[in-house]
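Take a look at the letters that make up each chain.
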Amino acid sequence: MAPTVILIRHAQALHSIIANLEYHLHDPPLSDLGFGPQCDELAKYLQTEVPIAQKIDLIVISPMRRTLQTAQQGLGWLMERGVPVILRAEWQENSDKPCDTGTDISVMEKEWHQFDWSSVDPEYPTKTGLYAFSKEGLTQRGIAARKWLRGRPEKVIAVVSHSGFLRVGVSYRQYANADCRIFDFSEGDEEIGGKLIEWKLTEKKGGGLGKSPKGVFFMSKDDYPEEAEKDIGEAVSESPS
């Protein structure tokens, strides 16, 4: 049986502070607000209000600084219990802006030595092939990410990723910083890679913390560069996240 999936967007990072958007920052870390209050709120919510979160038996993280920090601060209580962590390049953010481009594995494995980097595709952080900033790249990466999740043996998996990819590639939902949504896989094969069905618990509230826009948000032409559309171009309408 396919696992239940808790999808989490990282907390606020330095590039996305509304009063001072700085998309030129390369792979930025969390802001003070994100690292402290937002991650603390996420951790408290999962620990005290989401019983199934106690059953999380795998944590999957985008190998970018802001997602690693969010996982460590918001899900550290699970890591302390020995819940394993896997870093997967599929879950990185969409665009090729500096803020949405990761850092070389050789640098990150020293900076984040507590994690095993052997599972990260050596192509990371290049934005080519499966990771291309293109309509085809995002579509295929979403299929690959969902297919991989669907085939895992764990019962409950937490994924820490980014608003753009979580929306256009995975769940067609929007996510506020450090908010989460819970899904099960549909039993049918109506969508390549597997279709996610959101729990009413998070769907009705607009995310677990009630901070995210309600509704379904499919990929549109605004999500990829117009000049590259004929070559399967792609981008996200959310602010880089």
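Above: the structure in question.
Treat the numbers as computed from the prediction; the structure is a model and nothing was measured.

Enquirer: Please give an account of the packing of aromatic side chains that cites residues and values.
Expert: Under the defined criterion, the tally for this structure stands at 3 aromatic pairs. Judged by centre distance (6.0 Å) and plane angle (15 degrees), the ring pair of tryptophan 112 and phenylalanine 115 falls under stacked. Residue classification places phenylalanine 115 among the buried residues on the basis of a relative accessible area of 10%. Their ring planes at 45 degrees and their centres at 5.0 Å tell us that tyrosine 172 and phenylalanine 218 sit as a pair that is tilted. On the criterion of sequence distance, the pair formed by tyrosine 172 in the loop between helix 6 (163-171) and strand 5 (180-185) and phenylalanine 218 in the segment after helix 7 (200-203) is long-range, its members being 46 residues apart. For tyrosine 172, a relative accessible area of 18% corresponds to the buried category. Against the face of phenylalanine 165 rests arginine 141, its NZ or CZ located 4.4 Å from the ring centre.

Enquirer: Lay out the pairing of strand 1 (residues 4-9) with the relevant residues and their values.
Expert: Extensive coverage of strand 1 is indicated by the burial of 6 of its 6 residues. Inspection of the sheet shows strand 1 paired to strand 4 (residues 156-161) by 6 bridges, in the parallel sense. For leucine 7, the partnering residue across the bridge sits in strand 4 and is valine 159. Relative to strand 5, strand 1 is paired through 4 bridges, and the arrangement is antiparallel. What sits directly across from isoleucine 6, in strand 5, is isoleucine 182.

Enquirer: Hey, could you go over the sheet that holds strand 6 (residues 196-198) for me, with residue numbers and the actual values?
Expert: One key point about sheets: their strands pair by backbone hydrogen bonds, in either a parallel or an antiparallel sense. Read across the sheet, 6 strands follow the order 3-2-4-1-5-6 without closing on themselves; strand pairing throughout is mixed. Only two strands of the sheet have a single neighbouring strand rather than two, namely strand 3 (85-87) and strand 6. Taken pair by pair, the neighbouring strands of this sheet meet at an average axis angle of 30 degrees, ignoring direction. Two elements, strand 2 (residues 58-61) and strand 4, share 4 bridges in a ladder whose sense is parallel. Opposite isoleucine 61, over in strand 4, you have valine 160 as the bridge partner. This element, helix 6, spans strand 1, strand 4, strand 5 and strand 6 of the sheet and lies at about 145 degrees to strand 1.

Parameters and conventions
Residues numbered from 1 in each chain as written. Predicted model: local features only at pLDDT ≥ 70, side-chain atom pairs only at ≥ 80, totals over all residues. Heavy atoms only, no water. Phe/Tyr/Trp six-rings, centres within 6.5 Å; stacked < 30°, edge-to-face > 60°. Buried < 20%, exposed > 50% of the residue type's maximum accessible area, 1.4 Å probe, protein only. Helix = DSSP H or I, 4+ residues; strand = E, 2+ residues; numbered from the N terminus. Lys NZ or Arg CZ within 6 Å of the ring centre and 35° of its normal. Pairing = 2+ DSSP bridges. Axes fitted to C-alpha atoms, helices over the stretch in contact; angles between N-to-C directions. Contact = heavy atoms within 4.5 Å.

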